[in-house]
Amino acid sequence: MRGVRAGHPHPGPLPQAGEGGQPLLAVRGLAKAFGGVHAVEDVSFTLAAGEMLALIGPNGAGKTTCFNMVGGQLAPDAGSVRLGGVELVGLKPEAIWRQGVGRTFQIAETFASLTVVENVQMALLSHGGRVGGFWRPARLQYRAEAVALLESVGMAAQAERATSVLAYGDVKRVELAIALAHRPRLLLMDEPTAGMAPRERNELMALARRLAREQSIGVLFTEHSMDVVFAHADRIIVLARGELIAEGTPAAVRDDPKVREVYFGGGTTFDPATGRPSAAGPPQGASAPSGGSAAAPAASVGAPGSA
Ligand SMILES: Nc1ncnc2c1ncn2[C@@H]1O[C@H](COP(=O)(O)OP(=O)(O)OP(=O)(O)O)[C@@H](O)[C@H]1O
Ligand SMILES: [Mg+2]
């Protein structure tokens, strides 16, 4: 299933299940309704340490709802979320974060005036539970660690710049460094590349993939650009109207008739070389820009012009 796939360079072998043969993350029977809307219904999947798992689906499929249930921002109506065998359902977001579930957040406006390295130092301080009180003495703390983290995301050269003056793609890399400061075992990335140019997206996800492998972090991510998904996911799970309709390698998911029908639209085929739709786009594809998908960036699936 996993591992070597033609056309996709692999940064080393993919670690399989974690301690005692358990997957890192095991989600079982997850469900959430908002009023009468079944946003997520009976969703089950697993994720191994070091694995990049893409959760895809049309707008409104329930992806963010799933993320929020794994991260503890939303309480599920039913189901179980286990990290390394520990049940997370019922824990507060802070406790889940302490268990090693990180997510990429946009750098808060208030921190934009800090330098890049100070932002990462802040994250390291907060990880150590020492945030709050006086910031000034803290400026000296964790500096070497912060610089090392910035090196890992290729941002050490810009350590002393104000975060507010960085290019957008560089801000995203700093956000990744901040997420890594908490030494997550599982990293949740909900549309991490939204608003980025196609090349920057690929660079960010290649970086996330390399770091996931090197540090054995399981990464669950959503992404509307199929180019990026097919290039950087080890495995893909597909949601449609709250239900999981397919799961497998990028190649398997790409060829799955249910996925094409429900997600991409019936007539769509894919260019195996690029993973892009190569035929006429989906007639009323939920993620097609013509369908009014505000959240789907320009290069998202269903944009026939982008092929
Ligand atoms: N807090 C909420 N209250 C009511 N309905 C909600 C709430 N959050 C999500 N929903 C509904 O649940 C469904 C799933 O939404 P969700 O945001 O999880 O989708 P998504 O797959 O992340 O979509 P997108 O690709 O646009 O980000 C949608 O029908 C949405 O309108
Ligand atoms: Mg969403």
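Above this text sits the structure in question.
Quick caveat: nothing in here was measured; it's all calculated off a predicted structure. (Residues numbered from 1 in each chain as written. Chains lettered and ligands numbered in written order. Predicted model: local features only at pLDDT ≥ 70, side-chain atom pairs only at ≥ 80, totals over all residues.)

A look at the overall build of the protein
The criterion, for reference: For helices the rule is a DSSP run of H or I covering at least 4 residues; for strands it is a run of E covering at least 2, with both sets numbered from the N terminus onward. Partly exposed residues are those falling between the two cut-offs: more than 12 but fewer than 20 other C-beta atoms within 10 Å of their own, whereas 20 or more means buried and 12 or fewer means exposed, with C-beta atoms placed from the backbone. Contacts here follow a simple rule: the backbone-placed C-beta atoms of the two residues must lie within 7 Å.
The secondary structure content of the protein amounts to 10 helices and 10 strands. When burial is assessed residue by residue, the protein has 46% of its 307 residues classed as buried. Excluding contacts between residues fewer than 6 apart, the proportion of contacts in the protein whose partners are at least 24 apart in sequence is 63%.

Overview of the site of ligand 1
Heads up, the condition is: Any residue qualifies as near a molecule or strand once its backbone-derived C-beta atom lies within 6 Å of it. The nonpolar class holds Ala, Val, Leu, Ile, Met, Phe, Trp, Tyr, Cys and Pro. Asp, Glu, Lys and Arg form the charged class, and all remaining residues, Gly among them, are polar.
Close to ligand 1 lie 12 residues, the nearest being Phe-34, Ala-39, Lys-63, Thr-64 and Thr-65. Within the residue set of the shell around ligand 1, elements represented by two or more residues are β2 (37–47) and α1 (63–71). Among the elements that make up the shell around ligand 1, the one with the highest residue count is α1 (three residues). In terms of residue class, the shell around ligand 1 is built from five nonpolar, six polar and one charged.

Some points on the sheet that holds strand β5 (residues 86–87)
Backbone hydrogen bonds are what pair the strands of a sheet, in a parallel or an antiparallel way. Keep this limit in mind: Whether two strands pair depends on DSSP finding at least two bridges between them.
Taking strand neighbours across the sheet as the criterion, the four strands line up as β2-β1-β4-β5 in an open arrangement whose pairing is antiparallel. Each end of this open sheet is capped by a strand with a single partner; those strands are β2 and β5.

Side note on the packing of helix α6 (residues 168–181) against helix α7 (residues 198–215)
The criterion, for reference: Comment: axis = line fitted to C-alpha atoms, over the contacting stretch for helices; angle = value between 0 and 180 degrees taken between N-to-C directions. Under this scheme an angle from 65 to 115 degrees is roughly perpendicular, one under 35 degrees roughly parallel, and one over 145 degrees roughly antiparallel; angles in between are oblique. Left-handed describes a crossing whose near helix is turned anticlockwise from the far helix by less than a right angle; the clockwise case is right-handed.
Where α6 meets α7, the closest approach of the two axes is 10 Å, and the angle between their N-to-C directions is 20°. As the angle between them shows, α6 and α7 are arranged roughly parallel. Handedness of the α6/α7 crossing: right-handed. Where α6 approaches α7, its residues Gly-169, Lys-172, Arg-173, Leu-176 and Leu-180 are matched on the opposing element by Glu-200, Leu-204, Leu-207, Ala-208 and Leu-211. Of the residues that constitute the contact of α6 with α7, the class distribution is six nonpolar, one polar and three charged.

Observations concerning helix α5 (residues 143–152)
Stated precisely, the cut-off is as follows: The arc refers to the directions leading from the helix axis to the C-beta atoms.
Within α5, the full set of buried residues consists of Ala-146, Leu-149 and Leu-150. End-on view of α5: buried residues confined to an arc of 100°, all on one side of the axis. Here the buried face of α5 lies against α3 (116–127) and α6. One or two positions beyond α5, positive phi appears at Gly-154, with a value near 75°.

Examining the environment of Glu-94
Here Glu-94 lies in helix α2 (residues 93–98). Of the residues examined, Glu-94 has 9 C-beta atoms within 10 Å and is grouped as exposed. Along the backbone, Glu-94 and Gly-72 are 22 residues apart, and their C-alpha atoms lie at a distance of 8.4 Å.

Some thoughts on unusual backbone geometry
Positive phi is not limited to glycine here, since Glu-191 has a value of about 50°. With respect to the helices and strands, Glu-191 occurs in the loop between β7 (186–190) and α7. C-beta crowding within 10 Å serves as the criterion here: with 19 such atoms nearby, Glu-191 is assigned to the partly exposed category. Phi at Ser-216 is positive, roughly 55°, even though this residue is not glycine. Residue placement: Ser-216 occurs in the loop between α7 and β8 (218–222).

What to know about the pairing of strand β9 (residues 235–240)
Along β9, six of the six residues are buried, which leaves the element largely enclosed by surrounding structure. Judged by which residues are buried, β9 turns out to be covered on both faces: Arg-235, Ile-237 and Leu-239 on one side and Ile-236, Val-238 and Ala-240 on the other are all buried. Examined bridge by bridge, β9 and strand β10 (residues 243–248) share five bridges and lie antiparallel to one another. Directly across from Ile-236, in β10, lies its bridge partner Gly-248. Connecting β9 to the next strand, β10, in antiparallel fashion are two residues, including Arg-241 with a positive phi near 45°.

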